[in-house]
Amino acid sequence: NKGSDFENAFYKLNLEIREKFRSYLSAFYDRALSVAGKEGLEAYDLRDFGVRNLVFAGAYFVFKSYNEAIENLSALLNVKGRIMLNDTGSLWLVALTKEGQFLDSESAIVDQHLDQEIESVFLIGQPLDAREQEVLNGFKTLEDKKEFLAARKNAELSLSSDAADAMRSSDMLILAPTTFESSLVPTIITKGFGKAYVGSQAMKVSVSNLVRERGKR
């Protein structure tokens, strides 16, 4: 019987990779169920989840370390290059649009109010609770909302020494096409990134998206 595109691709992988992927996907599944509680998997719209992201998330749940997950997946897939994180901390990404609309998560930044440009992006230690969101929405001006969120910036990311060394020694630094505010901006605003980027003698290349992401861009 002809399977889905995913199934057809999955069974072309060698046995070791398939079994590892099964274990990582199983770890993701178990964690997703435990978080969802009584709602079960209906709490998630898995159609919008990339399988690669589920595998990586599952590997993280297995190894309890981003770096170990990367190292094990790199070895499993025989990745030639070295993958480094800018920071291993976990923060909550939120944003404000120029019209003052609050976007309360990374997924909201990607999917909601796409007709509005992003004004500011914030990394905060914890998501806002219902009371805090009510206070935020009560402010009349965009500047007041920005000040409120900036005051909740109780944590920050700092560029890892490995990443800084790699940037200094690279021949070329490439900003790849991606979701700008949800993927690239959190890296750019990482403490130490700007200094390492400007200080590097590498050629700087930026590859832009070919389609509009939100607003007029």
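Numbering of residues starts from 1 in every chain and runs along the sequence as written. Reporting in this predicted model follows two pLDDT cut-offs: at least 70 for local features of residues, and 80 or more for side-chain atom pairs to be given and counted; totals over whole chains, interfaces and linings ignore these cut-offs and use all residues. Excluded from the side-chain calculation are hydrogens and water; included are all heavy atoms of the structure.

(A) Fine view of the sheet that holds strand E2 (residues 102–103). Strand pairing requires that DSSP identify at least two bridges connecting the strands. By the criteria applied, helices consist of DSSP H or I runs no shorter than four residues and strands consist of E runs no shorter than two, each listed in order from the N terminus. Taking strand neighbours across the sheet as the criterion, the three strands line up as E2-E1-E3 in an open arrangement whose pairing is antiparallel. Among the strands making up the open sheet, the edge pair consists of E2 and strand E3 (118–124). When strand E1 (residues 92–97) meets E2, the two strands line up antiparallel, connected through two bridges. Bridge assignment links alanine 95 to a residue of E2, and that residue is leucine 103. It only takes one pair of heavy atoms within 4.5 Å for two residues to be counted as in contact. To define axes, lines are fitted to C-alpha atoms, for helices over the stretch in contact only, and angles between the resulting N-to-C directions are given on a 0 to 180 degree scale. Across the face of the sheet, helix H7 (residues 142–151) comes into contact with E1, E2 and E3 while running at roughly 20 degrees to E3.

(B) Highlighting the environment of serine 206. Tracing the backbone shows serine 206 in strand E5 (residues 203–206). As for serine 206 and isoleucine 174, which are separated by 32 residues in sequence, their C-alpha atoms are 5.7 Å apart.

(C) Expanded view of unusual backbone geometry. A positive phi angle is found at asparagine 78, which is not glycine, with a value near 55 degrees. As for its position among the elements, asparagine 78 is in the loop between helix H4 (66–76) and E1.

(D) A look at the nonpolar core. By size, the foremost hydrophobic cluster in this structure holds 11 residues: Leu159, Ala163, Ala164, Met167, Leu173, Leu175, Leu184, Phe193, Ala196, Tyr197 and Ala202. Where this core is concerned, the elements lending two or more residues are helix H8 (161–169), strand E4 (172–175) and helix H10 (193–199). Once residues within four sequence positions are removed from consideration, leucine 175 is found in contact with Leu184, Tyr197, Val205, Ser206 and Val207. Residues enter a nonpolar core if they are buried and are Ala, Val, Leu, Ile, Met, Phe, Trp, Tyr or Cys, with the set joined through side-chain atoms within 4.5 Å. Burial classes: relative accessible area under 20% of the type maximum marks a residue as buried, over 50% as exposed, and values in between as partly exposed (1.4 Å probe, protein chains only).

(E) Inspection of the packing of helix H6 (residues 130–138) against H7 at higher detail. The interhelical angle for the contact between H6 and H7, taken along N-to-C directions, is 150 degrees, at an axis separation of 8 Å. Classified by the angle between their axes, H6 and H7 sit roughly antiparallel to one another. Residues Glu132, Val135 and Leu136 of H6 touch H7, and the partners they reach there are Lys145, Phe148 and Leu149. We call Asp, Glu, Lys and Arg charged. Ala, Val, Leu, Ile, Met, Phe, Trp, Tyr, Cys and Pro are nonpolar, and the rest, Gly among them, are polar. Taken together, the residues of the contact of H6 with H7 break down into four nonpolar, no polar and two charged. Note on angle classes: values under 35 degrees are labelled roughly parallel, values over 145 roughly antiparallel, values of 65 to 115 roughly perpendicular, and the remainder oblique.

(F) Just the packing of aromatic side chains, in detail. Any two rings among Phe, Tyr and Trp, with Trp reduced to its six-membered ring, count as a pair given centres within 6.5 Å; such a pair is stacked if its planes are under 30 degrees apart, edge-to-face if over 60, and tilted if neither. Using the criterion set out here, one finds seven aromatic pairs in the structure. Between phenylalanine 139 and phenylalanine 148 the ring centres are 5.5 Å apart and the planes differ by 55 degrees, which places this aromatic pair in the tilted class. For phenylalanine 139, a relative accessible area of 27% puts it in the partly exposed group. Classification of phenylalanine 148 by relative accessible area gives buried; the value is 10%. Feature note: the residues Phe56, Tyr60, Phe61 and Tyr66 constitute an aromatic cluster, connected by ring pairs. Arginine 152 extends its terminal NZ or CZ atom over the ring of phenylalanine 148, reaching a point 3.7 Å from the ring centre. Our definition puts a charge over a ring when NZ of Lys or CZ of Arg is within 6 Å of the ring centre and also within 35 degrees of the ring normal. When the ring centre of tyrosine 197 is taken as reference, the NZ or CZ atom of lysine 204 above it lies at 5.5 Å.

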